[in-house]
Amino acid sequence: MRYHQSQQPPVDRSAFVGCRFPAEVILLAVRWYLRYGLSYRDVEELLAERGIEVDHVTIYRWVQRFTPMLIDAARPCRHAVGGRWFVDETYVKVAGRWRYVYRVTGELGQVIDVFVSPRRNIAAARRFFRTALVAHGEPDEVITDLAQALETVIEELIPDAFHNTDQYANNRVECDHGRLKARLRPMRGLKTDRTASVVVRGHALIENLRRGHYELGTETPHPHLRIAAAFDELTETI
């Protein structure tokens, strides 16, 4: 498997300056929340069992602050994506209103990119594809359903790619939506678009770590400890 060759960023603990709790505790709470079907209050209770008294609102703030940092820190260690992209939209509820989540996965199960949008239209699809193309380059093949907005944007931005709309061809990403929905189910509702975006992107990071799409946590002999080992490595870089 190819991956981006890059050295780890220099150690800089400034992200945790002023925090009452050590980095290891903060990122443990963030990891638990992103990885498992827990609410913020659940994480609060689990930490309390370890003698760590922290309010669930503080845990929420940790997730919102540090998840984007973890995603950025992990990016240099991410495997290059393949040439076949599976694209689809699902939906989540934010402050009582439906929001659309554009997701693209690779042929080996890597979550390539995600985007939360208040609308499901050409403008949203264009923004989603542009971000993914800047980060990962152009694919050889894009597999979607028959959504007209996706077809229009693919013809506009990547006309050389083969656009596959065969029936059942997109089942891979449609089935993958279920993992995201399962993670969101225990929550008591997402309050803002930014909150939704952070959690959805954080879930993608966790899924990619779990599936081995980063050169992180590779030294552990136990696959079930890969995410924990990866977070230990990332703790030294943010």
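Residues numbered from 1 in each chain as written. Predicted model: local features only at pLDDT ≥ 70, side-chain atom pairs only at ≥ 80, totals over all residues. Heavy atoms only, no water.

## Details of the layout of surface pockets
Defined as follows: Only protein atoms enter the 1 Å grid used here. Points where a 1.4 Å probe fits but cannot escape make up a cavity, open sets with protein on both sides within 12 Å along at least five of seven lines make up a pocket, and a residue lines them when an atom lies within 4 Å of a point. Grid points are joined across faces, edges and corners, and a volume is the space filled by probe spheres set on the points. Secondary structure elements are taken from DSSP: a helix is a run of H or I of four residues or more, a strand is a run of E of two residues or more, and numbering for both begins at the N terminus. Each residue is assigned to one class: nonpolar for Ala, Val, Leu, Ile, Met, Phe, Trp, Tyr, Cys and Pro, charged for Asp, Glu, Lys and Arg, and polar for all the others, Gly among them.
Counted as a void, the largest pocket has a volume near 490 Å³. For the largest pocket, the lining is made up of 21 residues, of which Arg75, Arg78, Ile112, Asp113 and Arg201 are closest to its centre. For the lining of the largest pocket, the secondary-structure elements that each account for two or more residues are β3 (111–117), α4 (122–136) and α7 (193–210). Among the elements that make up the lining of the largest pocket, the one with the highest residue count is β3 (six residues). A class-by-class count of the residues in the lining of the largest pocket yields 11 nonpolar, five polar and five charged.

## A short note on the environment of histidine 79
Rule in force here: Residues adjacent in sequence count toward polar contacts only when both atoms are side-chain atoms; beyond that, a polar contact is any pair of N or O atoms within 3.5 Å, and within protein one must be able to donate a hydrogen and the other to accept it.
The residue histidine 79 is located in the loop between α3 (56–74) and β1 (84–94) in this model. With 100 residues separating them along the chain, histidine 79 and arginine 179 place their C-alpha atoms 21 Å apart. A polar contact of 3.5 Å, which involves the side chain of histidine 79, links it to the backbone oxygen of glycine 212. Reaching out from histidine 79, the side chain makes a polar contact with the side chain of glutamate 215 at a distance of 2.7 Å.

## Regarding the confidence of the model for the chain
Definition in use: Per residue, pLDDT measures the predictor's confidence, with a range of 0 to 100. Whether two residues touch is decided by their heavy atoms; if any such pair falls within 4.5 Å, the residues are in contact.
With 93% of its residues at a pLDDT of 70 or more, the chain has an overall mean of 90. Confidence, expressed as mean pLDDT per element, reaches its minimum in the chain at helix α6 (residues 171–184) with 89 and its maximum at strand β4 (residues 141–143) with 98. Confidence drops under a pLDDT of 50 for residues 1–12, and excluding neighbours within four residues, the segment shows 21 contacts in the predicted structure.

## With respect to the sheet that holds strand β5 (residues 162–164)
What counts, and what does not: By definition, two strands form a pair when at least two bridges between them are found by DSSP. Angles run from 0 to 180 degrees between N-to-C directions of axes, and those axes are lines fitted to C-alpha atoms, restricted for helices to the stretch in contact.
With mixed pairing, five strands are arranged side by side in an open sheet as β3-β2-β1-β4-β5. Taken across any chain shown, the strands that pair with only one partner, and hence form the sheet edges, are β3 and β5. Here the average twist between neighbouring strands, direction ignored, is 25 degrees. With 10 bridges connecting them, β1 and strand β2 (residues 97–106) associate as antiparallel partners. Pairing of valine 87 across the sheet is with valine 104, part of β2. Lying on the sheet, α4 is in contact with β1, β2, β3 and β4; it crosses β3 at an angle near 150 degrees.

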